[in-house]
Amino acid sequence: MKNTPKRILLIEDEDITAKVYISILEKEGFSVVRASSGEEAVSKAELDKSIDLILADITLNGDIDGVDTAGIILKKCDIPVVFLSEHTGADIVEKAERINSYGFVVKHTGDALLMASIRMAFRLYEANMNVISQNQEVEAANEEMQAAIEEMEAINQELIDTQQSLIKSESELKSLFNALLVGVGMIVDRKFLKVNRYLCNLLGYEESEMIGNLTRIIYI
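Notes on the structure in this doc start here. Here the structure is a predicted model, which means the values were calculated and not measured. (Residues numbered from 1 in each chain as written. Predicted model: local features only at pLDDT ≥ 70, side-chain atom pairs only at ≥ 80, totals over all residues. Heavy atoms only, no water.)

Our next topic: the overall build of the protein. Along the protein, the regular secondary structure elements total 7 helices and 7 strands. Here the C-alpha atoms of the protein give a radius of gyration of 41 Å, more than 25% beyond the 17 Å that 2.2 N^0.38 yields for 220 residues. Dimensions of the protein, computed from C-alpha atoms along their principal axes, come out at roughly 125 × 40 × 30 Å. By residue count, 31% of the 220 residues in the protein fall in the buried class. Sequence separation of at least 24 residues holds for 51% of the intrachain contacts in the protein that already meet a minimum separation of 6. For the protein, the computed accessible surface area is about 14,500 Å², with 54% contributed by carbon and sulfur atoms. (Helix = DSSP H or I, 4+ residues; strand = E, 2+ residues; numbered from the N terminus. Rg over C-alpha atoms; globule rule 2.2 N^0.38 Å. Buried < 20%, exposed > 50% of the residue type's maximum accessible area, 1.4 Å probe, protein only. Contact = heavy atoms within 4.5 Å. Areas by Shrake-Rupley, 256 points an atom, 1.4 Å probe, with all protein chains shown as cover.)

See the structure below:
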């Protein structure tokens, strides 16, 4: 099964130049759709979502030039852009730098340079997309980790609250235990594990003297 050829939107207002570039690109296996003005290019880019790259002449007839056209398209589509120009003046280069393009080719400098620039643009774009994807994965992992930390903090806080509640309950039970007007003791293996104040007073011992001692203490 053949791979679908990459589709290039060529923005060129000169018919002869456009035919030359279309011939070169199609010979190299690309599918080409041409726009002869910025307005037409914007319209075609909005309708054709299969466009993989924009090859735009900076100088165009009409109300918007190639740079403005690329800027409008890039607001809605994430597509690599390569600019074409017959001029290399500082004003032209500066204008092209307004857009995050992937290449700048001087017209009529040869097919090899044009194709090398286009292929480089595709590689740079793919690398950039990989970096973005990796950053998104890292960000997602960080968000999951943060969520896990927050969940652990919530569980820890719940354990602290439970522990404090148990301590409070134990304190309340101890107060109630000591307030009983009857002697009460807990005996295991003939040893006192817990005694209340009334029992201590009744037998005449301190709590520390009774805890852990044999229950025969009550017979002494």
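Here the focus is the packing of aromatic side chains. The description of an aromatic ring pair uses the distance of the two centres, along with the angle that the planes make with each other. Inspection of every chain in the model, using the stated rule, returns 2 aromatic pairs. Plain terms: the ring middles of Phe30 and Phe122 are 6.1 Å apart, the flat faces sit at 15° to each other, and that makes the pair stacked. Linking Phe30 in the loop between helix H1 (15–27) and strand S2 (31–35) with Phe122 in helix H5 (residues 111–179), this pair joins segments that are 92 residues apart in sequence. Residue classification places Phe30 among the buried residues on the basis of a relative accessible area of 11%. Centre to centre, the rings of Tyr102 and Tyr125 are 5.8 Å apart; their planes meet at 75°, and the pair counts as edge-to-face. On the criterion of sequence distance, the pair formed by Tyr102 in the loop between helix H4 (90–96) and strand S5 (103–106) and Tyr125 in helix H5 is long-range, its members being 23 residues apart. Exposure class is identical for Tyr102 and Tyr125. Each is buried. The cationic tip of Lys6 hangs over the ring face of Phe122; the distance from NZ or CZ to the ring centre is 4.9 Å. (Phe/Tyr/Trp six-rings, centres within 6.5 Å; stacked < 30°, edge-to-face > 60°. Lys NZ or Arg CZ within 6 Å of the ring centre and 35° of its normal.)

Take the nonpolar core next. Grouped together as the largest cluster of nonpolar side chains are 22 residues, with contacts concentrated most on Leu9, Ile11, Ala41, Ile54, Ile73, Ile79 and Phe83. Leaving out residues up to four positions away in the same chain, Ile54 has contacts with Leu9, Ile11, Ile73, Ile79, Pro80, Val81 and Val82. One finds Leu10, Leu53, Val82 and Tyr102 within the second-largest nonpolar core, a separate group that totals 20 residues. (Core = buried A, V, L, I, M, F, W, Y, C linked by side-chain atoms within 4.5 Å.)

Residues Leu181, Tyr198 and Leu202 make up a contiguous nonpolar surface patch of about 360 Å² in total accessible area. Note on placement: Leu181 falls in the loop between H5 and strand S6 (185–188). Accessibility expressed as a relative area gives 75% for Leu181, which makes it exposed. (Patch = residues over 30% accessible without salt bridge, like charges linked within 9 Å, V, L, I, M, F, W, Y side chains within 5 Å. Salt bridge = Lys/Arg side-chain N within 4 Å of Asp/Glu carboxyl O.)

Of the positions making up helix H2 (residues 38–47), those classed as buried are Gly38, Ala41, Val42 and Ala45. Seen end-on, H2 carries its buried residues on one side only, within an arc spanning 100°. Buried-residue contacts for H2 involve strand S1 (7–11), S2, strand S3 (51–57) and helix H3 (66–74). (Arc of directions from axis to C-beta.)

Next up on the list: the packing of H1 against H5. Contact geometry of H1 with H5 gives a least axis separation of 11 Å together with a crossing angle of 65°. For the pair H1 and H5, the crossing hand works out as right-handed. Where H1 abuts H5, its residues Tyr21, Ile24 and Leu25 lie against Asp111, Leu114, Met115 and Ile118. For the contact of H1 with H5, the per-class residue count stands at 6 nonpolar, no polar and 1 charged. (Axes fitted to C-alpha atoms, helices over the stretch in contact; angles between N-to-C directions. Left-handed = near helix turned anticlockwise from the far one by under 90°. Nonpolar A, V, L, I, M, F, W, Y, C, P; charged D, E, K, R; others polar.)

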